[in-house]
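Notes for the structure review
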Amino acid sequence: MSAAEKTLIDPLHQQQFVAQLKTFLPAHCVLWKEEETSPYECDGLSIYRQLPMIVVLPETEEQVSEVLKLCHAQQVPVVARGAGTGLSGGAMPMSNGVLLGLSKLNKILKLDPHSRTAVVQPGVRNLAISEAAAPYGLYYAPDPSSQIACTIGGNVAENSGGVHCLKYGLTGQNVLRIRMLTMDGEVLELGSEALDAPGLDLLSVFIGSEGMLGVATEVTVKLIPKPSLARVIMASFDDVEVAGRAVAAIIAAGIIPAGLEMMDQAATHMVEPFAQAGYDLNAQAILLCESDGTPEEVADEIARMSKVLEESGATRIQVSQSEQERLQFWAGRKNAFPAAGRVSPDYYCMDGTIPRKRLGEMLKAIAAMQTQYNLRCPNVFHAGDGNLHPLILFDANDPDSLRRAEEFGAQILELCIALGGTITGEHGVGIEKINQMCSQFGVAERELFFGIKRAFDPQGLLNPEKVIPTLHRCAEYGKMRVSGGKLPFSDLPRF
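Residues numbered from 1 in each chain as written. Predicted model: local features only at pLDDT ≥ 70, side-chain atom pairs only at ≥ 80, totals over all residues. Heavy atoms only, no water.

**So, the packing of aromatic side chains**
Here the structure, examined in full by the defined rule, presents three aromatic pairs. For the ring pair Tyr-373 and Phe-408, a centre distance of 5.3 Å and an interplane angle of 15 degrees mean the geometry is stacked. Residue Tyr-373 is located in helix H13 (residues 359-373), and its partner Phe-408 is located in helix H14 (residues 399-418); the two are separated by 35 residues in the primary sequence. Ring centres of Phe-441 and Phe-449 lie 5.1 Å apart, and the angle between their planes is 80 degrees; this geometry places the pair in the edge-to-face category. The class of Phe-449 is partly exposed, set by a relative accessible area of 26%. (Phe/Tyr/Trp six-rings, centres within 6.5 Å; stacked < 30°, edge-to-face > 60°. Helix = DSSP H or I, 4+ residues; strand = E, 2+ residues; numbered from the N terminus. Buried < 20%, exposed > 50% of the residue type's maximum accessible area, 1.4 Å probe, protein only.)

In structure tokens:
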């Protein structure tokens, strides 16, 4: 019987397990009362919630290993958690399992400006690495919007990106080595600080695996020199499809901007009162195009991008004239999510990816879906790599509003597949997109995914019921699509 098929552990078993944990964990690191565990019932995808049986907050790698060994011996499922900023439900706990919080493993163990690397524990905040590296003129490139709070362990689990991922890559392109623990507590070293590592490239397999293969306890990241200058173009367009085509034109011209983001008018109107970024509120869409490097490189690239944007139909081009103005432009984009919280009781942030040339087509389709579902949906994009972040605004206290939001989101993801894209760019699958995994991948592909998981976690105890759908689930989802019914995560039997 798999961990997911077990019944809810009874209070007596819970108390016995707490007592066992306290033999090697300090009492303050073991939480089991409802008022203590309720803050851990969900991650950033708050529409799905589940109280964990127990929360543990180890302070050392040795304690993490002991937790895993105990859970492995007693077949108790484990869900690892960083800061809880994830948006796909990847850190939602199991009611019969342990929530393994890694927030106390938060030390920068080594920062070497000569090799341009930093060795950090998984609970270190993304932005803290750049703050520590700043005196050496270095920084860590991946910059998710939640970088002030999100942790490196979570970034590794989701292969997170950010507004500068087009030029500098996602987490996977900026991590050299990971020290991890398997479910039975064994230590593995993946990757290397050298240019290459012997054997299979298991580092790439682990990054983005959403806590299903092991628990990272140490991460070696690359640092890069801070550019001497960066400037941003804010280009306005009177048509979203024209703006979408302009994105493709920039890349086709052989230009790889440091950042290339798109926001529609609904998004700029939502963000401007919150961030006061100076956005053009008359435009139907704006592009933020950043160039960085030496002053000469930046001047040349800004001129080239401006020419392409003008030829592509931009109605207005504004270039940042100071570092403060550049940061102001980006502050608006990075505060899109909190701004949504000011105009709606809840928001559902999607994360599909499509070919750049089809951005306009997708925006037009989303506009029609807003009418169909009677819900607003401002749009922000990592436009350079076609990664969409539609923000569906709804009220979770209204069951019908929640139902419509779920169906709206599912239709966006299904359209991403139909347009030649994929269901996730950087937020992961978690529980949110598990149904669409049935649409994107066939039986043989999904079995291959399960095979990789079994190689690392034969009992299926690490983050079960996430990411990879079973045959049963996909069969039920197929019936739902044929009948036109609904199949949110919570309606399916556990598997």
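After presenting the structure, the write-up continues.
**As for the confidence of the model for the protein**
Confidence along the protein averages 93 in pLDDT terms, with 96% of residues attaining 70 or more. This stretch, residues 1-7, has a pLDDT under 50; its non-local contacts, to residues over four places away or in other chains, come to 13 contacts. Here residues 487-495 is a poorly scored stretch, pLDDT under 50, and it has 29 contacts once near neighbours within four places are set aside; other chains count. (pLDDT = per-residue confidence, 0-100. Contact = heavy atoms within 4.5 Å.)

**Remarks on the sheet that holds strand S5 (residues 108-112)**
Strand order in the open sheet formed by five strands is S5-S6-S10-S8-S9, with antiparallel pairing between adjacent strands. A strand with exactly one partner marks an edge of an open sheet, and here the two such strands are S5 and strand S9 (187-191). Shown here is a sheet whose adjacent strand axes are inclined to one another by a mean of 10 degrees, direction ignored. Taken together, the five bridges between strand S8 (residues 175-181) and S9 define a ladder with antiparallel strand orientation. Residue pairing across strands places Arg-177 opposite Gly-191, the latter belonging to S9. Relative to the sheet, helix H4 (residues 126-133) contacts S5, strand S6 (117-120) and strand S10 (215-222), its axis offset from that of S5 by approximately 45 degrees. (Pairing = 2+ DSSP bridges. Axes fitted to C-alpha atoms, helices over the stretch in contact; angles between N-to-C directions.)

**Thoughts on the nonpolar core**
Side chains that are nonpolar tend, in soluble globular proteins, to be buried together. Core analysis: the biggest nonpolar cluster contains 55 residues, and Phe-237, Leu-287, Leu-309, Ile-392 and Phe-408 have the highest contact counts within it. Contributions of two or more residues to this core are made by strand S12 (229-237), helix H8 (240-252), strand S13 (259-264), strand S14 (285-293), helix H10 (295-311), H13, strand S18 (387-394) and H14. When sequence neighbours within four positions are dropped, the list of residues in contact with Ile-392 reads Asp-346, Tyr-347, Tyr-348, Met-350, Leu-375, Arg-376, Cys-377, Ala-405, Phe-408, Gly-409 and Ile-412. (Core = buried A, V, L, I, M, F, W, Y, C linked by side-chain atoms within 4.5 Å.)

**Some thoughts on the state of the cysteines**
If you walk through the whole model with that rule in mind, you get one disulfide. At a sulfur-sulfur separation of 2.2 Å, the disulfide partner of Cys-438 is Cys-474. Its S-S torsion of about -85 degrees marks the bond between Cys-438 and Cys-474 as left-handed, since a negative value means left-handed. Residue Cys-438 is located in helix H15 (residues 434-440), and its partner Cys-474 is located in helix H17 (residues 471-483); the two are separated by 36 residues in the primary sequence. This pair shows no difference in class: Cys-438 is buried, exactly as Cys-474 is. Summary of cysteine pairing: Cys-349 is not part of a disulfide, and the nearest cysteine sulfur, belonging to Cys-377, is at 9.3 Å. Using a relative accessible area of 3% as the deciding quantity, one classes Cys-349 as buried. Judged by relative accessible area, which is 1%, Cys-377 ranks as buried. (Disulfide = S-S within 2.5 Å.)

**Considerations on the packing of H13 against H14**
Where H13 contacts H14, the two axes come as close as 11 Å, and the packing angle between them is 155 degrees. Between H13 and H14, the crossing angle belongs to the class labelled roughly antiparallel. With respect to the hand of their crossing, H13 and H14 are arranged in right-handed fashion. When H13 is examined against H14, the residues Met-362, Ala-365, Ile-366, Met-369, Gln-370, Gln-372 and Tyr-373 are found in contact with a partner set consisting of Arg-404, Glu-407, Phe-408, Gln-411, Ile-412, Leu-415 and Cys-416. For the contact of H13 with H14, a count of residues per class yields nine nonpolar, three polar and two charged. (Parallel < 35°, antiparallel > 145°, perpendicular 65-115°, else oblique. Left-handed = near helix turned anticlockwise from the far one by under 90°. Nonpolar A, V, L, I, M, F, W, Y, C, P; charged D, E, K, R; others polar.)

**Brief notes about empty space enclosed by the protein**
This structure, assessed with the given rule, holds two cavities of 30 Å³ or more. Here the largest cavity defines a volume of roughly 40 Å³. Every residue lining the largest cavity is listed: Gly-162, Val-163, Cys-165, Leu-166, Leu-260, Glu-261, His-382, Gly-384 and Asp-385. Listed by contribution, the elements that provide at least two residues to the lining of the largest cavity are helix H6 (165-168) and S13. In terms of residue class, the lining of the largest cavity is built from four nonpolar, three polar and two charged. (1 Å grid on protein atoms, 1.4 Å probe; cavity = no way out; pocket = protein on both sides within 12 Å on 5 of 7 lines; lining within 4 Å. Points joined across faces, edges and corners; volume = space filled by probe spheres on them.)

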